[in-house]
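Chain residues, written in single-letter form:
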Amino acid sequence: RKSRGVEELIPIWLHEAASRYNSQSLENRDAYAAVLLMPIQNLATILDWTFQSLPDEILVGMDPDNNRPNPKEVVEAYSGADKETGLFAGQGYLLGKPHLVNRGDSFEVHHVPEEWMDGLFSTDRGSRGSRFTHWLHTHPNAPAIPSGADADASQWTEGTDMILGIRFSPEGYLPWFDDVDGVRRPLRDLDDSGALGRAKTGHLIHGLDLICFHRTGLGVNLVITDARGHAIE
């Protein structure tokens, strides 16, 4: 099944999950200070990298696609009453192509690694010293809620930070951890007996969370779109 405006095949479950996620984003739009649009193909690519990398964490960098501005009607529909303009770099543009920056403790990176890899550039350029405007990292077997380290790292982000939480089994040395304060945004939430599917690593996927936030702590309303920036419905 192909989603509207997306050239590559998108799994049916992801299209349906994106539609439910957007419904929640629309319903709760007043809780957010700004809007960011992510093409569903970006999300499909990131999920594929995530499922291939379990149980490791991955880091993904994205820049705004300056050739594709956000459709104004989509931004207006998902903006809250107290929306802010000029909150972050790249605001007003669709997210561009994702880049896999690092995985777990691997040193085979495409760009400058995070501080938790080598700290080489952390003094001069922060823990995320590189060219990317937006960042997404995964929380293996933990909800997508920022930790103290995530909040610190976000201070060096010009755009926004996103977290993808993945609940999977077998848990191994990373048992599911959800005793944290914060608002969860499920992308796909299943009960303990259910499973979305099996990753290439052999892990069963039981649930996914996805959030976006600004370094000030303000929430950013993430909307999943087709290639032209129209919200998946």
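Residues numbered from 1 in each chain as written. Predicted model: local features only at pLDDT ≥ 70, side-chain atom pairs only at ≥ 80, totals over all residues. Heavy atoms only, no water.

(A) Structural context of the pattern of salt bridges. Tallying each qualifying case throughout the model produces four salt bridges. For Asp65, the salt bridge is made with Arg68, and the minimal N-O distance between the two is 2.8 Å. Its relative accessible area of 18% is what places Asp65 among the buried residues. Look at Arg68 and you get partly exposed, because its relative accessible area is 27%. In this structure, Arg228 engages Asp226 in a salt bridge whose closest nitrogen and oxygen atoms are separated by 3.8 Å. In this structure Asp226 comes out as buried when scored by relative accessible area, which is 0%. (Salt bridge = Lys/Arg side-chain N within 4 Å of Asp/Glu carboxyl O. Buried < 20%, exposed > 50% of the residue type's maximum accessible area, 1.4 Å probe, protein only.)

(B) Layout of the environment of Arg184. With respect to the helices and strands, Arg184 occurs in the loop between β7 (161–169) and β8 (186–189). Spatially, the C-alpha atoms of Arg184 and Ile145 are 6.9 Å apart, while their sequence positions differ by 39 residues. Here Arg184 is in contact with Pro143, Ile145, Trp176, Asp189 and Asp209, once residues within four sequence places are set aside. Of the polar contacts made by the side chain of Arg184, one reaches the side chain of Asp209; its length is 2.8 Å. (Helix = DSSP H or I, 4+ residues; strand = E, 2+ residues; numbered from the N terminus. Contact = heavy atoms within 4.5 Å. Polar contact = N/O pair within 3.5 Å; in protein donor to acceptor, adjacent residues only side chain to side chain.)

(C) Representation of the pairing of strand β11 (residues 220–225). Most of β11 sits inside the fold, with six of its six residues counted as buried. Taking every second residue as pointing to the same face, both faces of β11 are buried, with Val220, Leu222 and Ile224 on one and Asn221, Val223 and Thr225 on the other. Alignment of strand β1 (residues 34–39) against β11, held across six bridges, turns out to be parallel. If you follow Leu37 over to β11, its bridge partner there is Val223. (Pairing = 2+ DSSP bridges.)

(D) Region of the structure containing the side chain of Asn141. Along the chain, Asn141 turns up in the loop between β6 (134–140) and α5 (148–154). Asn141 gets classed as buried once you look at its relative accessible area, which sits at 1%. A polar atom in the side chain of Asn141 sits 2.9 Å from the backbone nitrogen of Phe168.

(E) Expanded view of the nonpolar core. Met38, Leu136 and Met162 are the most contacted members of the largest nonpolar core, which has 38 residues in total. At the level of secondary structure, the elements contributing two or more residues to this core comprise α1 (12–27), β1, α2 (40–53), β2 (58–62), β7, β10 (204–213) and β11. Residues Val74, Tyr78, Leu94 and Ala231 belong to the second largest nonpolar core, which totals seven residues. (Core = buried A, V, L, I, M, F, W, Y, C linked by side-chain atoms within 4.5 Å.)

(F) Here's a closer look at the environment of Val101. Within the element layout of this structure, Val101 appears in strand β5 (residues 99–103). A sequence separation of 40 residues divides Val101 from Gly61, and the C-alpha atoms of the two residues are 6.4 Å apart.

(G) Region of interest: unusual backbone geometry. Residues Leu54 and Pro55 are joined by a peptide bond in cis, for which omega reads 10°. Mapped onto the fold, Pro55 is located in the loop between α2 and β2. Even without a glycine there, the phi angle at Asn141 is positive, about 55°.

(H) Highlighting the packing of aromatic side chains. All told, the structure shown has one aromatic pair when counted by the stated rule. Ring centres 5.7 Å apart and planes at 80° place the aromatic pair Phe132 and Trp135 in the edge-to-face group. Judged by its relative accessible area of 2%, Trp135 falls in the buried class. Sitting over the ring of Tyr21, Arg185 keeps its end group 4.1 Å from the ring centre. (Phe/Tyr/Trp six-rings, centres within 6.5 Å; stacked < 30°, edge-to-face > 60°. Lys NZ or Arg CZ within 6 Å of the ring centre and 35° of its normal.)

(I) Broad picture of the pairing of β2. Burial within β2 is extensive, with five of its five residues counted as buried. Neither face of β2 is open: one carries Ile58, Val60 and Met62, the other Leu59 and Gly61, and all of them are buried. Direction of pairing for β2 relative to β5: antiparallel, over a ladder of four bridges. Each residue of the ladder has a partner; that of Val60, found in β5, is Leu100.

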